[in-house]
Number of protein chains: 4
Amino acid sequence: MKVIRDSIHGDIQLEEHEIKIVDTPEFQRLRRIKQLGMTYLVYPSANHTRFEHSLGAMHIAGRIAKKLCLSEEEYRLVRLAALLHDIGHCPLSHSSERLLLMYLNTTHEALAKEIITSSEIKDIIEEYGYSKEEVIKILERKKGYLSKIISSSLDADRMDYLVRDAHHTGVAYGIIDLDRIITTVEIKENELAVEHRGLRAVEALLVARFLMMPTVYLHHTSRIADAMFLKAMEISIEEKLLKSSDLWKMDDYSVICFLRSCENKYQRDIARRLDTRNLFKLAYSKRWNEIHPARRKKLLKDLKLVRKLENEIAESCNLEYGYVIIDVPPIPRKEEIDVKIIKNGEIISIEKESQIAKILKNAQKDLWSFEVYAPRENVEKVRKVCDDIFGV
Amino acid sequence: MKVIRDSIHGDIQLEEHEIKIVDTPEFQRLRRIKQLGMTYLVYPSANHTRFEHSLGAMHIAGRIAKKLCLSEEEYRLVRLAALLHDIGHCPLSHSSERLLLMYLNTTHEALAKEIITSSEIKDIIEEYGYSKEEVIKILERKKGYLSKIISSSLDADRMDYLVRDAHHTGVAYGIIDLDRIITTVEIKENELAVEHRGLRAVEALLVARFLMMPTVYLHHTSRIADAMFLKAMEISIEEKLLKSSDLWKMDDYSVICFLRSCENKYQRDIARRLDTRNLFKLAYSKRWNEIHPARRKKLLKDLKLVRKLENEIAESCNLEYGYVIIDVPPIPRKEEIDVKIIKNGEIISIEKESQIAKILKNAQKDLWSFEVYAPRENVEKVRKVCDDIFGV
Amino acid sequence: MKVIRDSIHGDIQLEEHEIKIVDTPEFQRLRRIKQLGMTYLVYPSANHTRFEHSLGAMHIAGRIAKKLCLSEEEYRLVRLAALLHDIGHCPLSHSSERLLLMYLNTTHEALAKEIITSSEIKDIIEEYGYSKEEVIKILERKKGYLSKIISSSLDADRMDYLVRDAHHTGVAYGIIDLDRIITTVEIKENELAVEHRGLRAVEALLVARFLMMPTVYLHHTSRIADAMFLKAMEISIEEKLLKSSDLWKMDDYSVICFLRSCENKYQRDIARRLDTRNLFKLAYSKRWNEIHPARRKKLLKDLKLVRKLENEIAESCNLEYGYVIIDVPPIPRKEEIDVKIIKNGEIISIEKESQIAKILKNAQKDLWSFEVYAPRENVEKVRKVCDDIFGV
Amino acid sequence: MKVIRDSIHGDIQLEEHEIKIVDTPEFQRLRRIKQLGMTYLVYPSANHTRFEHSLGAMHIAGRIAKKLCLSEEEYRLVRLAALLHDIGHCPLSHSSERLLLMYLNTTHEALAKEIITSSEIKDIIEEYGYSKEEVIKILERKKGYLSKIISSSLDADRMDYLVRDAHHTGVAYGIIDLDRIITTVEIKENELAVEHRGLRAVEALLVARFLMMPTVYLHHTSRIADAMFLKAMEISIEEKLLKSSDLWKMDDYSVICFLRSCENKYQRDIARRLDTRNLFKLAYSKRWNEIHPARRKKLLKDLKLVRKLENEIAESCNLEYGYVIIDVPPIPRKEEIDVKIIKNGEIISIEKESQIAKILKNAQKDLWSFEVYAPRENVEKVRKVCDDIFGV
């Protein structure tokens, strides 16, 4: 048994095989991947990493497993899955997530599988008598309630990151009632569900996440910084300066240093801008309901169209490619709100019981917006061109 | 007025000239310099930076200035000094401090003066009608009580870092009673002193710092990581791969990437070891009272002797230079404990009133130790050689 | 200046006239009136009192006044009003509030006026050059934004009690972002409004209050204990054992001791039951939408009808009067949710901007229920009779 | 399993037999006994009670038992002992402790035994197959390490009250590192000891207690209020208005109401003074080293002498008996500091390893003082008489 002191959970205990996994280079890399990507440009204390979050998620997953009286083996498997759930994250976490999708048609979850099976981690798991296949199945959402502990609207991942992000940003909304949620969680029909007396705690968690979204996760300034970073990486990959398949071996240090010392002028400019917080500004913005559904759909699906538009706008403004960036974030998924409640022995959807949960499903969309960014001195020009293209 | 949300103090308000200073590249660099250097290898959440600490110190300095009813001008000067007190910190904070001393015969405090006067910061200070000379004098401890607010046993710096380091490491000892200390602080005979009713709060602060030392600041594992980093940097400077005068322009990202991609094999090995937390181990250790005062003095003063010893031990063990590291930390200074108390209108030293303060002065020394590090597989051999040289 | 250490706000500073008011017997009485009445029977740590809450409300009111740059005089008046806003509370706070309405046709707010003008408090206010009339006008909601600081959906009262109740019950929902709300508050058209960038903080506050309602303020068990206490007091007043006009001179100690030593057997039984937490149980319950609007209205308005029904049910079950209690709480008021937001220089209602605020207005009603209580051994019998009278 | 939400530990789980004990009138009485007696007159939020503290101590005792891998039976016994360790506390906790000694020659610990064996509690313990004798032996310090968990320098009692008192007073000194202490606790030679790596956490706990003493536990103003309450109770017992053997059946409510309605004028005056915080003032004070050891010893041992002196001083000042109170608190016990440390497999006293622990043993005495109190208007006269009797 080893103990690691965490800023959120105090002492986190690890068993021998868990320590060995933590000691692999693959896991140590997470120490250098910021949990919230560029958000530290808005909340200066948001420097926490995927490393401590992974430990925290493992800790919570173990507490849930204990509450559910799972077998020793399931307890260990679910802790392993939680520990490894973010092993595939690329530099600056979500900031580089879209690169994976674009160039490798994969996600950090899928990468996790690859990293586990291609590294020493698989050997450690097997050496201690556990099955790497089972761990991967849990991560792939193929193991019913075990998977739900790791990935669902009420998982150990979310319970850890909400509290942790609140602690490190200084934004109070993420405080949730961990104790109450864990003590009311049950397995019912192979689902993870919450007893009715835990309803308020779940509502509080859903609201916490909802409020953290505009305040932290989708904060304007970090969206801009993310978009700039993304564009610089994209161009580097297109120009073969960087291999997309190397992304998961990199960390925050290596991508920043890569951009700083890139032979290409654009990348160096972006690196300098990020280093000195001299960011692009918002030139144009449209909310969910202000944009025609057909166009919205197209923008969301057709990456080539987006690039073409970026190019067109830049040219109209006499700007080089890369100095006009269109940001079309993915639509928040309704499933994020879907929690199962046990009432009088029956499983029901939380919407049946909670008007708050119901409203959040729709309110999420209002947090979405389509935005165009450009250097401060070009904002006016770019805005005018956008007004012409997308409507005032 | 702009507001920055801090994980410790909540909303920190900044005036226009303060924001402009924060926006300079010199100040933004602090975002990428970890407050506690390599400590994140022990406490994974210890990723906070000099950036937020500088804002926090400014905030506390302002609160003290208000309590003391200083003039508007002194209030602003003391906030500026606090904001800038760490501007000269080099990568990984204290980890690189000894390089400054060795190669430039300077400190981060002295560098601060240079950075302020050679950058845009000086212009901003003057544009708003303040005197950069005054700010620098405060930082140079030449301005009586104003300097004491920034640098003394009871300064804004310490009040911020104790709480901040506790919050981010998860170690509870650093919690202090900020409110009580600030409301009992007085100026007396050009000194910063505390009313007698604040005695317990000051004792608590002194004990907090004392307990944080072995637990966090002098933690074994971060001492080792620091020593490894230091040796790799030292060799790089000696071999002209790095200019010591460039240190203050670098950040954590650039030094780590420099070591990773260094043409020299040793540096690359150290970078890999730090990245994967495959650290040297303790081979030999002697406490303050276990080592002859004359030898102690020599080791502390004579850097060449230390290198010669490192070399000798390495050779005896068939190791290359750099794989045996001797760590001789500076002696804790007694002045760190010296707080002035006001009792019945007289200024007295805290030792007169507090047995705790008295004992801490001496107890500090017990935290000091002379240590020798080497790769895990060479620890036994190195220990034997050290036993011969320094005594069992 | 005197300082009182508070569990929530740290050091609260008081000026000379404020200390004198705190030192009056009228104000000291608040030390013995629990903030949350009988809630300590559910949350054992909920023993905090109106005394510290009043200090906390004063502290927050002062912070708001400073943010709004009010004059010195308005700053002091608004702090005085906040300090005195609960001076009229009777034993166990809200538990006895309904007695005031029933027998004196008054509220604790109205009583506050009487206590201020009939006691030494008025002299202290005037001695220091302030106007007691102004203070009372603020409390009576006749002073525009000043009154709104004390009593509105976004007042100092609520900001204090939510955090304080969370801290002392251990229920995390009450944590709000005080800093953000205070820094975004503005006066606009004689109204207290919040800048748009404070919207999320206000939503969080509204949700916090909403979640605290079923979890703490309307918790089942404290409703039952309250109803028992109320019935015992009611009978005592009816039987002239207690004068309703003496209520505001009493405290938690005196009412409990009165009931314990009452000559009437019922009161002694209730006292014993409260002392040993041997409470009545829920026999029957109907939610807002399960009860015919006309009947609901009648029950809410016609106290005599309620008593007649209690009597009837008790007789049907062979129980003495007082052993069947019908609880018809007041309807939550929609105004509680109504916050003004400033968007593009215009004042708008929060509902325009926030789907959450909109839904809470209606969701509040779902927290309401009509309930009937009886001793554990009579619950079944009483339920059957209620089914007959009110429908299954 | 039932869960009680606590302000410190979150959800505290109770087994069936524990709930039954909590539900007895004897245990419910603790809800109405303030943990810190009259301290709420200094720290207004200090209204927490023996009830929640007892639950908290049980919770920590259970955590220690689990860490030590005790048997199921020992685990339950030690939780029961912790739950019941304060069942004998009389009104206002320590305030009435001296009455027990004076009139019944007993302590709350001894009373606990009596209450357990003479009430339903014994039946519940036995019904569930546990031995009340064992529980009592643990409380009587006759069961080696089990007793040490409940009562020693490092017990569950202290670990709970330090944190709880800090949380409710707002004084930060009581924050301790529970996690670290519990994970380093060991049984060694039938003793409870701490591994060397827990040394700093133990030092922090000892300092926390030391600093809480003058700041909270021995705060001047609560000493005065306690002394006034004690004198009024003493006179009531002497005059047969109150039976000392009834003390343990009373609670804070009944003693305050008793004094308020006492036929004797003195008691009513004291009650009024406590209710309105119109307290006696310090007239004379001597510290440990300012008073001749022989006299100190006499004052500590000879209660009759103290009363005679009170009487003499009162007469000299034309005051009635009771308006001059001499307070001679018990000497702090050195054992309070004595913690066992395990170093290299050996048990040693903490003093061997910690200069802080060593100094605290002596520093404790400096917190002691002999004091004389009188109404504000008589303070000067009383001081002069005391100067004559005890020396300037």
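J.: Looking at this structure, how should I read the relation of the copies chain C and chain B?
T.: The relation between the two chain copies is a rotation about an axis coupled with a shift along that axis. For the pair chain C and chain B, the relating rotation is 180°, the translation along its axis is 0.0 Å, and the fit reaches an RMSD of 0.0 Å. Such a combination of rotation and displacement between the chain copies is what one expects of a two-fold axis. Across chain C, the rotation axis passes nearest the C-alpha of C:His9, at a separation of 6.4 Å. A share of 100% of the interface residues of chain C reappears at the interface of chain B, consistent with the copies meeting face to face through the same patch.

J.: I would appreciate a short explanation of the nonpolar core in the present structure.
T.: Looking at soluble globular proteins, one finds that nonpolar side chains tend to be buried together. Counting residues in each nonpolar core, the largest one holds 506 residues, and the members touching the most others are A:Ala61, A:Met228, B:Ala61, C:Ala61, D:Ala61 and D:Met228. Both domains that meet at this core, namely domain 1 (2-218) and domain 2 (220-331 + 368-390) of chain C, each give it at least three residues. When near neighbours in sequence (up to four residues on either side) are disregarded, C:Ala61 contacts C:Val78, C:Arg79, C:Ala82, C:Ile149, C:Ile150 and C:Ala156.

J.: I keep staring at the relation of the copies chain B and chain A and nothing clicks. Help me out?
T.: You can overlay chain B on chain A at an RMSD of 0.0 Å; the transform is a turn of 180° with a shift of 0.0 Å along its axis. Most of the interface of chain B is mirrored in chain A: 100% of its interface residues are interface residues there too.

J.: Is there a simple way to think about the packing of helix H3 (residues 50-67) of chain D against helix H4 (residues 72-84) of chain D in this case?
T.: Each pair of packed helices can be described by the angle between their axes along with the distance between the axes. Residue and element names in this part refer to chain D. Across the interface, H3 lies against H4 with an axial gap of 8 Å and an inter-helix angle of 155°. Between H3 and H4, the angle is such that the two are roughly antiparallel. Judged by the twist between their axes, the crossing of H3 over H4 is right-handed. From H3, Ser 54, Ala 57, Met 58, Ala 61, Gly 62, Ala 65 and Lys 66 reach across to H4, where they touch Glu 74, Tyr 75, Val 78, Arg 79, Ala 82 and Leu 83. Of the residues belonging to the contact of H3 with H4, the class tally is eight nonpolar, two polar and three charged.

J.: What should I look at first to understand the pairing of strand E3 (residues 185-188) of chain D in this one?
T.: Moving residue by residue along a regular strand, the side chains alternate between the two faces of the sheet. Residue and element names in this part refer to chain D. Looking at chain direction, E3 and strand E4 (residues 191-195) are connected through four bridges and run antiparallel. Each residue of the ladder has a partner; that of Ile 187, found in E4, is Leu 192. Joining the antiparallel neighbours E3 and E4 is a turn of two residues, in which Glu 189 adopts a positive phi near 50°.

J.: Just checking my understanding: could you explain the interface of chain C and chain B for this structure?
T.: Many descriptions give the size of an interface as the accessible area lost when the pieces come together. Counting from both sides, the interface comprises six residues of chain C and, opposite them, six residues of chain B. Among the elements of the structure, strand E2 (10-14) and helix H11 (178-184) of chain C are those that each provide at least two residues to the side of chain C that touches chain B. At three residues, the largest contribution of residues to the side of chain C that touches chain B is made by H11(C). Here the residues of the side of chain C that touches chain B sort into one nonpolar, two polar and three charged.

Calculation criteria
Residues numbered from 1 in each chain as written. Chains lettered and ligands numbered in written order. Predicted model: local features only at pLDDT ≥ 70, side-chain atom pairs only at ≥ 80, totals over all residues. Least-squares fit on C-alpha atoms with pLDDT ≥ 70 in both. Contact = placed C-beta atoms within 7 Å. Core = buried A, V, L, I, M, F, W, Y, C linked by C-beta atoms within 7 Å. Buried ≥ 20, exposed ≤ 12 C-beta atoms within 10 Å, placed from the backbone. Domains from an automatic or database assignment. Axes fitted to C-alpha atoms, helices over the stretch in contact; angles between N-to-C directions. Helix = DSSP H or I, 4+ residues; strand = E, 2+ residues; numbered from the N terminus. Parallel < 35°, antiparallel > 145°, perpendicular 65-115°, else oblique. Left-handed = near helix turned anticlockwise from the far one by under 90°. Nonpolar A, V, L, I, M, F, W, Y, C, P; charged D, E, K, R; others polar. Pairing = 2+ DSSP bridges.

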